[in-house]
Amino acid sequence: MKKTLFLLSTLLLITSCCNATQSKEIFDNENKKANVILLAGGEDCLGYSYTYHLQETSGVSEEIFNEYVNGYEDVKISYKNMLNTNLVHKMETNFVPTKVGQGKAPEEGVKYGNIGPELGLAEYLSKIAPQEEFYIIKFAGGSSSSIKYEWNPDGGTYYKEMTSFFNNQLNKLENSGVEFDVSSFLFVQGETDSKNGTLDYDYYLSKFIRQIKLDYYIENRKQFDIDEWINVLLGAMNYNGENYETLDNKLSMLKRLLPFVEKRLNLIELAPKGTGKSYVYSQISKFGWLNSGGVMSRAKLFYDMHSKTVGLLGNYDYVALDEISTIRFTDIAEMQGSLKGYLESGTFAVGTKMNSSEAGMVFIGNIKSSNMNVAVNMFKDLPALFNDSALLDRIHGFVEGWKIPRMDESLKQHGWALNTEYFSEVLHLLREETLYMGLVDSLIDNVGGDTRDITAVKRLTSGFMKLLFPHWRNVEDVDLEQFKTYCLNPSIEMRNIIKSQLILMDEEYKSKPFPEFIVKETL
């Protein structure tokens, strides 16, 4: 299902009808692939309406009614209807024409059966895009189900049944040779939810949508090997991974994404001009902030006492300070103290106001070619603020930006790629996933060393796992060799560079040996 990951990234949540012109644009399909629509919901999606009412009370013409009965060959459906969480009421795993009788099974003697929203949807799609081919995958759950309980991603029966059925049917389509795009996801509110409070419903519906995005992303990761997946990630950043010369080049670029997925992860990158530093931190994610040069005050970064508003760190997943060689701080000593406190604990105090944040910080600067060497002091030409060993020690890892090739046309992504906006949302959601740090703790033992070194390596390793192996959900899923190669070893290297620079700045760090990390071969 290697194409499905990209296709699922374009899911639309349709909550109301739109006009035919707008809808036709949604299904504009230059490559003539089939369109898949995922349909889910409670009682109203299940379909309690009697087909015969269409003629008797709705005034549907005989011609249209016969169309409903015969079905729409260009809009096929596969469905699973459950009356309650323990009973599969009606199911069709093959894709058949959408027609009457695909809702709730009728009482004995009721002609034509019942219908759900699939019939009107099929009629509409057939009219607005008669040259297109559609597949509806429907999962419906009855018995007064609610978004708060049965559809809740945290253990809700219908949520688990829905995702399993959708995955099975998407696999079935692909295995049958159908080329398709997943065009939209529709969720039909049930009567129970319509009676609940608006805020309650909004909270759980938002959670439902977020988890669908994350679950399908994680599920589809399983369809790629690690080399393919690295190229998928680069493609989502609008880079063409096929034209990078080495794996090291690729991983160096992906290191920039670590603060996108891991809370309170602090990096510093020194790189030549033209390697895309500013682009990554300013254009990939709406959840981050890039500040380029100019003046930076404690009020802007932490807390403004005059306006009584929290600064940048309280509003974003990460704050990147670009052009650190030219950036001017209103009070260097004050900023240095505040930064050290925040980088250490994630808290900051301005006046009597105490705040905390989970935002990471990234410090970005250009470097001369003569200084692109971890064995020399690479910070000597930077402002005094960044020549403080105590501050540098609180930065978790170093990105060797000179390993990232200068941007040219060959490195721009062409063809299909994971939607960047969707990608940024998934990275944002992965920040909330704590199980990866739990896996890191289960997989490695550390011997000796300083607490900051251990914290840094573990935090970096967790970030690499979220980026490269989000489908590792328990220790049994983990390939230990890949864990060492792609997660642990790069993290040790990134922290080791910080350590070597600290020793060059301050001989005190020579007495603090770097910890040894041992992967547990048997768990």
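Note that the structure is a prediction, hence the values are computed from the model and not measured.

Draft legend 1. Region of the structure containing the overall build of the chain. Of regular secondary structure, the chain possesses 20 helices and 20 strands. Considered along the principal axes of its C-alpha atoms, the chain spans approximately 90 × 50 × 50 Å. Burial analysis of the chain (523 residues in total) assigns 52% to the buried set. The long-range fraction of contacts in the chain, counting pairs at least 24 apart against all pairs at least 6 apart in sequence, stands at 77%.

Draft legend 2. Inspection of the environment of Trp151 at higher detail. By the element assignment, Trp151 lies in the loop between strand S6 (134-141) and helix H7 (157-175). On the basis of relative accessible area, Trp151 is assigned to the buried category, the value being 1%. A sequence separation of 138 residues divides Trp151 from Trp289, and the C-alpha atoms of the two residues are 34 Å apart. Beyond its immediate sequence surroundings of up to four residues, Trp151 is in contact with Ala40, Gly41, Gly42, Phe139, Gly141, Ser145, Ser146, Tyr158, Tyr159, Met162, Phe187 and Phe208.

Draft legend 3. Quick look at the nonpolar core. Membership of the largest hydrophobic core comes to 65 residues, with the highest contact counts inside it found for Tyr217, Met237, Phe423, Leu468 and Phe483. Residues within four places of Phe423 in sequence aside, it is in contact with Tyr217, Leu233, Ala236, Met237, Leu257, Ile284 and Leu418. Counting 36 residues, the second largest nonpolar core, distinct from the first, contains Ile327, Val350, Met378 and Leu502.

Draft legend 4. Layout of helix H18 (residues 435-443). Among the residues of H18, Tyr436, Leu439, Val440 and Leu443 are the ones counted as buried. Relative to the axis of H18, the buried residues are bounded by an arc of 100° and lie together on one face.

Draft legend 5. Spotlight on the pairing of strand S17 (residues 360-366). With respect to burial, S17 is a largely interior element, six of its seven residues being buried. Where strand S8 (residues 267-271) meets S17, five bridges bridge the pair, whose relative direction is parallel. Among the inter-strand pairings, Ala271 is bridged to a residue of S17, identified as Asn366. Summarising the sheet, strand S13 (residues 318-322) and S17 pair through four bridges and their orientation is parallel. Across the sheet, residue Val319 finds its bridge partner in S17, namely Met361.

Draft legend 6. Region of the structure containing the pattern of salt bridges. Scanning all chains against the criterion turns up 32 salt bridges. The residue Lys403 makes a salt bridge to Glu493 at a minimum N-O spacing of 3.6 Å. Taken together, the positions of Lys403 in the loop between strand S18 (397-400) and helix H17 (420-430) and Glu493 in helix H20 (residues 480-505) put the pair 90 residues apart, joining distant regions of the chain. For Glu493, a relative accessible area of 35% gives the class partly exposed. Across the pair Lys412 and Glu409 runs a salt bridge, and its minimum N-O distance is 2.8 Å. Among the ionic contacts, a cluster of salt bridges with common partners joins Glu344, Asp393, Arg394, Arg452, Asp453, Arg495 and Lys499.

Draft legend 7. The packing of helix H10 (residues 226-236) against helix H11 (residues 247-254), seen in detail. The N-to-C vectors of H10 and H11 enclose an angle of 50°; their axes lie 11 Å apart at closest approach. Regarding the angle of H10 to H11, the classification is oblique. The crossing of H10 and H11 is left-handed. Contact with H10, carried on its side by Ile230, Asn231, Leu233 and Leu234, involves Leu247, Lys250, Leu251, Met253 and Leu254 of H11 and no other residues of that element. The class makeup of the residues in the contact of H10 with H11 is seven nonpolar, one polar and one charged.

Draft legend 8. Quick look at the confidence of the model for the chain. In the predicted model, the chain carries a mean pLDDT of 89, and 93% of its residues have values of at least 70. Here residues 1-29 scores under 50 on pLDDT; set against residues more than four positions off or in separate chains, the count is 76 contacts.

Draft legend 9. Main features of the packing of aromatic side chains. Scanning the entire structure with this criterion turns up 31 aromatic pairs. Ring plane angle 70° and centroid distance 6.2 Å describe the contact between Phe302 and Tyr342, whose orientation is recorded as edge-to-face. Residue Phe302 is found in the loop between helix H14 (298-301) and strand S11 (303-304), and its partner Tyr342 is found in helix H15 (residues 332-345); the two are separated by 40 residues along the sequence. Just as Phe302 is buried, Tyr342 falls in that class too. Considering the side-chain rings of Phe469 and Trp472, the 3.9 Å spacing of their centres and the 5° angle between planes classify their relative orientation as stacked. Each member of the pair Phe469 and Trp472 is classed as buried. Here the aromatic residues Phe139, Trp151, Tyr158, Tyr159, Phe166, Phe185, Phe187 and Phe208 are joined through ring pairs into a cluster of three or more.

Draft legend 10. A look at the environment of Val362. Along the chain, the position of Val362 falls in strand S17. What makes Val362 buried here is its relative accessible area of 1%. Along the backbone, Val362 and Lys510 are 148 residues apart, and their C-alpha atoms lie at a distance of 26 Å. Residue contacts for Val362: discarding those within four places in its chain leaves Pro259, Leu267, Tyr281, Val319, Ala320 and Leu321.

Draft legend 11. Quick look at the sheet that holds strand S7 (residues 180-188). Taken together, five strands build an open sheet; the order of strands is S4-S3-S6-S1-S7 and the sheet is mixed. Each having just a single partner strand, strand S4 (87-98) and S7 make up the two edges of the open sheet. Shown here is a sheet whose adjacent strand axes are inclined to one another by a mean of 10°, direction ignored. Of the pairings in the sheet, the one linking strand S1 (residues 34-41) to S6 comprises seven bridges and is parallel in character. Pairing of Asn35 across the sheet is with Phe134, part of S6. Against the sheet, helix H6 (residues 117-128) touches S1, strand S3 (72-84), S4, S6 and S7, its axis set at about 165° to S3.

Draft legend 12. Fine view of unusual backbone geometry. One non-glycine residue, Arg264, lies in the positive phi region at around 50°. When you line up the elements, Arg264 lands in the loop between helix H12 (258-261) and S8. A relative accessible area of 18% means that Arg264 is categorised as buried. Even without a glycine there, the phi angle at Lys308 is positive, about 55°. Mapped onto the elements of the fold, Lys308 is located in the loop between S11 and strand S12 (309-310). By relative accessible area, which is 62% here, Lys308 ends up exposed.

The rules behind the values
- Residues numbered from 1 in each chain as written.
- Predicted model: local features only at pLDDT ≥ 70, side-chain atom pairs only at ≥ 80, totals over all residues.
- Heavy atoms only, no water.
- Helix = DSSP H or I, 4+ residues; strand = E, 2+ residues; numbered from the N terminus.
- Buried < 20%, exposed > 50% of the residue type's maximum accessible area, 1.4 Å probe, protein only.
- Contact = heavy atoms within 4.5 Å.
- Core = buried A, V, L, I, M, F, W, Y, C linked by side-chain atoms within 4.5 Å.
- Arc of directions from axis to C-beta.
- Pairing = 2+ DSSP bridges.
- Salt bridge = Lys/Arg side-chain N within 4 Å of Asp/Glu carboxyl O.
- Axes fitted to C-alpha atoms, helices over the stretch in contact; angles between N-to-C directions.
- Parallel < 35°, antiparallel > 145°, perpendicular 65-115°, else oblique.
- Left-handed = near helix turned anticlockwise from the far one by under 90°.
- Nonpolar A, V, L, I, M, F, W, Y, C, P; charged D, E, K, R; others polar.
- pLDDT = per-residue confidence, 0-100.
- Phe/Tyr/Trp six-rings, centres within 6.5 Å; stacked < 30°, edge-to-face > 60°.

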